[in-house]
Each structure stands twice: as C-alpha cells, then as structure tokens.
Amino acid sequence: MSDIIFGCHAVFHALKARRRRLLKVSLLREEGSLEQEAILRLAQENLVPIERSNKSFFACYTQFSHQGIIAEAEVYPFVNIDEIYREDLLLLCDGIQDPQNLGALCRTALLMGVGGVVLTEHGSVSITPAVCKAAAGAVEYLKLVTVSSLPKVINLLKENNFWIYGADSTASKSLYDEAFPEKVVLVIGGEGSGLSRLTKERCDILLKIPMPNPVLGSLNASVAGAIVLGEISRQKQQKSSRTS
C-alpha cells in the first residue's frame with residue numbers, strides 16, 4: 001500500500017523529514033518553479049525516482065490542487081500512544097471531519113510546540129492527501145496517534161500527569177483566566193457538534209474563547225485550536241524565560 005502526497009510544501013517536507021520513504025515524484029513537464037527545483041534536489045539526494053509527466057497524467061488528479069507535483073509515498077507512519085507520554089503539550093481531535101480543519105490544526109500544532117496529536121479511528125478524517133496538503137508538510141514532523149476510544153486515552157493521559165482541557169463555547173471559564181500547568185492536553189471538538197459527551201465529561205477543565213461580537217456563533221475547529229494553543233504556548237514561553 002502507498003499514499004499520495006500532492007502540492008509543493010507537502011512533497012518538499014515529506015522529502016526533508018525523511019520519516020517515510022517516497023517511492024516516486026512526478027512533476028508536470030511544462031513547469032519549473034523554484035519550489036520544484038528544490039524538490040528535485042531533495043529527491044535526487046534521497047535517491048527517489050523522478051518522473052516528468054504531461055498534463056494527461058495530472059488530469060487524473062484534477063480534484064486535487066496539486067501545483068504540478070505529486071508523490072507516491074509509503075503509508076503514513078502513525079506512532080503508538082506510549083511514544084507521546086513524555087511530551088508536555090498534546091492535541092486531541094474529537095471527531096474532526098474536515099480535511100482543511102485537521103490540516104490547519106496540524107500546522108498550528110507543529111508551530112506551537114505540540115508534541116503529539118491524537119485522532120480517532122472512527123468519525124474523524126485520517127491523514128488523507130487533502131490533509132497533508134492543508135498541513136503544508138507539518139504532518140511529516142508530528143507524532144500522530146490513532147485510537148479507538150478518546151475517553152480511554154484521556155484516562156491514560158491523566159495517569160501520566162496530564163491536565164485535560166476542552167475547548168467549549170458554552171464553558172463558564174475564559175481561556176485567559178487559566179494558568180496552565182506543565183503537562184497539558186487540549187481537546188478540540190468536531191465541526192458543529194463540538195466535544196462529544198463522554199469526552200467532555202472526562203475533561204478536567206472546559207474553557208471558552210471570549211468573543212466580543214459572537215454574531216456568527218462559534219469559531220471553527222482550526223481557528224479555535226490556534227487561539228488556545230497560542231495562549232498555552234505563550235504561557236510556556238513566559239515560564240521558560242523566567243527560569244532561564
């Protein structure tokens with residue numbers, strides 16, 4: 001089995017990260033951007049076969065915004081849950097179904113120092129080509145875990161000294177009133193449905209993002225995740241600078 005990766009950033013970082021072997025890189029014959037040249041160099045360094053293809057080949061992938069580059073890669077290398085217990089900031093995705101949202105969350109997670117991302121096996125999008133493209137290569141560096149039961153994983157994380165925070169627009173406590181501890185798990189719910197009942201019950205604290213003008217209702221999952229992770233990261237950096 002193999003995966004398809006498309007788009008300049010996604011293919012470039014799959015080559016750069018070297019977490020999974022790329023089997024082939026196909027480039028649109030007529031194009032020769034700087035991004036493609038950088039990908040060509042990395043592919044040659046990694047001994048990945050390069051194929052110059054015409055428009056008829058890429059016509060099979062018109063549903064993707066491929067930017068004239070497609071790679072065939074080994075399947076995504078998920079990690080086991082016990083590989084993330086030593087991290088101090090984790091992201092749990094509770095039923096994220098939109099590839100753009102999950103990709104954007106993964107990109108934010110990498111930039112904000114998240115040590116691992118947990119996805120559910122059912123009721124959630126997996127690491128599809130669209131997710132890889134939206135993440136702009138971030139999934140190639142993150143530790144991603146898939147689990148059958150998020151509530152059970154939350155219990156395991158609590159046993160490993162994590163505090164579990166759920167982002168919930170109906171919560172009474174503001175994000176900016178919380179002083180985050182050393183080991184933090186943020187749970188982001190699915191589009192529209194939010195956190196599932198069982199997941200919400202297992203969270204230690206539910207937090208809302210204050211919105212002065214909530215005329216459009218709640219924020220989407222990726223934006224909410226970015227705001228909360230940004231605040232957690234800010235507090236962690238402040239603590240680090242005071243102790244250094």
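Above this note sits the structure.
### As for helix α8 (residues 221–243)
In step 1: Relative to the 33 Å expected for 23 residues at 1.5 Å per residue, α8 spans 33 Å between its end C-alpha atoms, a close match to the ideal helical length.
In step 2: Among the residues making up α8, those that are buried are A221, S222, A224, G225, V228, L229, E231, I232, S233 and Q235.

### Quick notes on the pattern of salt bridges
In step 1: Taken as a whole, this structure holds 10 salt bridges when the rule is applied.
In step 2: The salt bridge involving R21 is made with E74; its shortest N-O contact spans 3.3 Å. You can see R21 sitting in the loop between α1 (8–17) and β2 (22–28) and its partner E74 sitting in strand β4 (residues 69–74), a full 53 residues away along the chain.
In step 3: Note on E74: relative accessible area 31%, which makes it partly exposed.
In step 4: Between E201 and R197 there is a salt bridge, with the nearest N and O atoms lying 3.0 Å from each other.

### Focus: the packing of aromatic side chains
In step 1: Enumeration over the complete set of coordinates arrives at two aromatic pairs.
In step 2: With a centroid separation of 5.0 Å and 70° between ring planes, the pair formed by Y76 and F78 is classed as edge-to-face.
In step 3: The class of F78 is partly exposed, set by a relative accessible area of 30%.
In step 4: Positioned over the ring face of F162 is K183, at 4.1 Å from the centre of the ring.

### Some remarks on the nonpolar core
In step 1: L91, L102, V117 and I127 are the most contacted members of the largest nonpolar core, which totals 36 residues.
In step 2: Within the residue set of this core, elements represented by two or more residues are β5 (89–94), α4 (99–111), β6 (116–120), α5 (129–135), β8 (163–167), β10 (184–189), β11 (205–208) and α8.
In step 3: The greatest single-element share of this core, amounting to five residues, is contributed by α8.
In step 4: With sequence-adjacent residues up to four places away left out, L91 is seen in contact with L105, A109, V114, G116, V117, V118, L186 and I188.
In step 5: Residues I84, L92, F162 and L195 belong to the second largest nonpolar core, which totals 19 residues.

### Points about the pairing of strand β7 (residues 144–147)
In step 1: Across four bridges, the pairing between β6 and β7 is parallel. Across the sheet, the residue bridging to T120 is V147, located in β7.
In step 2: A crossover links β6 with its parallel partner β7, the connecting element being α5, and its sense is right-handed.

### Examining the side chain of D168
In step 1: Relative to the helices and strands, D168 resides in the loop between β8 and β9 (173–174).
In step 2: Among the polar contacts made by the side chain of D168, one reaches the side chain of T170 at a distance of 3.0 Å.
In step 3: Setting aside chain neighbours within four positions, we find D168 in contact with L195, K200, L206, L207 and K208.

### Concerning unusual backbone geometry
In step 1: For R18, which is not glycine, the phi dihedral falls at a positive 60°.
In step 2: Here R18 lies in the loop between α1 and β2.
In step 3: Note on R18: relative accessible area 55%, which makes it exposed.
In step 4: Despite not being glycine, A136 shows a phi value in the positive range, around 55°.

### Brief notes about the sheet that holds β10
In step 1: Taken in spatial order, the seven strands of this open sheet run β7-β6-β5-β10-β8-β11-β9, and their pairing is parallel. Each edge of the open sheet is held by one strand with a lone partner, namely β7 and β9.
In step 2: Here β9 runs beside β11; their pairing, made up of two bridges, is parallel. What sits directly across from K173, in β11, is L207.
In step 3: This element, α4, spans β5, β6, β7 and β10 of the sheet and lies at about 175° to β5.
In step 4: Sitting on the sheet, helix α6 (residues 150–159) touches β5, β6, β7, β8 and β10, and the angle it makes with β5 is about 165°.

Criteria and thresholds
Residues numbered from 1 in each chain as written. Predicted model: local features only at pLDDT ≥ 70, side-chain atom pairs only at ≥ 80, totals over all residues. Heavy atoms only, no water. Helix = DSSP H or I, 4+ residues; strand = E, 2+ residues; numbered from the N terminus. Expected span 1.5 Å × (residues − 1). Buried < 20%, exposed > 50% of the residue type's maximum accessible area, 1.4 Å probe, protein only. Salt bridge = Lys/Arg side-chain N within 4 Å of Asp/Glu carboxyl O. Phe/Tyr/Trp six-rings, centres within 6.5 Å; stacked < 30°, edge-to-face > 60°. Lys NZ or Arg CZ within 6 Å of the ring centre and 35° of its normal. Core = buried A, V, L, I, M, F, W, Y, C linked by side-chain atoms within 4.5 Å. Contact = heavy atoms within 4.5 Å. Pairing = 2+ DSSP bridges. Right-handed = clockwise from strand over helix to strand, strands pointing away. Polar contact = N/O pair within 3.5 Å; in protein donor to acceptor, adjacent residues only side chain to side chain. Axes fitted to C-alpha atoms, helices over the stretch in contact; angles between N-to-C directions.

Note that every value here comes from positions in space, so none of it alone points to a role or purpose.
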